[in-house]
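Summary of the model geometry
This is what each chain is made of:
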Amino acid sequence: MLLLFFIEYMDQMIHDILELSKSEDERQIIELLDISLNEFVDEEMNNFEQIVKERGLTISIAGDMKLRSDRKQLKSLVDNLISNAVKYAAPESEIQIRPGDAVGAAKSIRMRNAGILTITNKLEEPLDKTADELVKPYVKGDNSRSDRSGSGVGLTIVENVARKLKYKVSYEISSEEFTIGVYFG
């Protein structure tokens, strides 16, 4: 059993490191396609059904936006955002995902101006890191949470991909909630 856990953990670490490497590669060609963000987010949520169920989480998706973006890059960005929210949400809580409507969750002017996607989750416990620290590779929100799977590169990947797509990312962290907004730069 322990060996299986170790193998799965190492497999995830390798995946995360490769994903980080791809996100840093500026030579990737961006292919813009028309995408319904609501449909896209809904499709990506399928990857997280099991952990959402295990943790007793409720997911609400409200709003929509049509945008031209690179499907592969957007998938990486959305997957890392959702993964972060699901891993660090308080059990039995709600995660709010708002495609195209950053107004509802944001107090920040930047997020209100032209929001693409906002995700808010209740925290199990307050974070002991700032947003600037969290976007550094291999940094997790709380070092005592070593039982959480993951490598601490998710938000670094989000930042790298957002930069490639010419988006900006904004964070709002309180003792109870974590909100991340992606908006046009």
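These figures come from a predicted structure and were not determined experimentally.

As a further point, take the layout of surface pockets. There is about 1,200 Å³ of room inside the largest pocket. If you go around the largest pocket, you meet 49 residues; those closest to its centre are Q12, H15, D16, N80 and S83. When residues of the lining of the largest pocket are traced back to their parent elements, those giving at least two are α1 (2-24), α3 (49-54), α4 (71-88) and α7 (154-164). Top contributing element to the lining of the largest pocket by residue count: α4, with twelve residues. A per-class count over the lining of the largest pocket returns 17 nonpolar, 17 polar and 15 charged.

A few words now on the packing of aromatic side chains. Evaluated as defined, the whole model comprises two aromatic pairs. When the centroid spacing of 5.8 Å and the interplanar angle of 90° are considered together, the rings of Y167 and F184 count as edge-to-face. Placement of Y167 in strand β6 (residues 167-173) and of F184 in strand β7 (residues 177-184) is noted, with a sequence separation of 17 residues between them.

This part takes up helix α2 (residues 37-45). Those residues of α2 that fall on the buried side of the exposure criterion are L37, F40, V41, E44 and M45. The buried residues of α2 all sit within an arc of 140° when viewed along its axis, so they share a single face.

Moving on, we get to the sheet that holds strand β2 (residues 58-61). Strand order in the open sheet made by the five strands is β2-β4-β5-β7-β6, with mixed pairing throughout. The outermost strands of the open sheet, each flanked by one partner alone, are β2 and β6. Strand-to-strand twist across the sheet, computed as the mean angle between neighbouring axes with direction ignored, equals 10°. Relative to β6, α7 is tilted by about 145°, and along the sheet it contacts β6 and β7.

A few words now on the nonpolar core. In a soluble, globular protein the nonpolar side chains are often hidden away together inside. Grouped together as the largest cluster of nonpolar side chains are 40 residues, with contacts concentrated most on L77, I82, L117, I119 and I180. Elements with a minimum of two residues in this core: α2, α4, β4 (94-99), β5 (115-122), α7, β6 and β7. With seven residues, α4 is the largest single contributor of residues to this core.

Here is what the cut-offs are and how they apply
- Residues numbered from 1 in each chain as written.
- Predicted model: local features only at pLDDT ≥ 70, side-chain atom pairs only at ≥ 80, totals over all residues.
- Heavy atoms only, no water.
- 1 Å grid on protein atoms, 1.4 Å probe; cavity = no way out; pocket = protein on both sides within 12 Å on 5 of 7 lines; lining within 4 Å.
- Points joined across faces, edges and corners; volume = space filled by probe spheres on them.
- Helix = DSSP H or I, 4+ residues; strand = E, 2+ residues; numbered from the N terminus.
- Nonpolar A, V, L, I, M, F, W, Y, C, P; charged D, E, K, R; others polar.
- Phe/Tyr/Trp six-rings, centres within 6.5 Å; stacked < 30°, edge-to-face > 60°.
- Buried < 20%, exposed > 50% of the residue type's maximum accessible area, 1.4 Å probe, protein only.
- Arc of directions from axis to C-beta.
- Pairing = 2+ DSSP bridges.
- Axes fitted to C-alpha atoms, helices over the stretch in contact; angles between N-to-C directions.
- Contact = heavy atoms within 4.5 Å.
- Core = buried A, V, L, I, M, F, W, Y, C linked by side-chain atoms within 4.5 Å.

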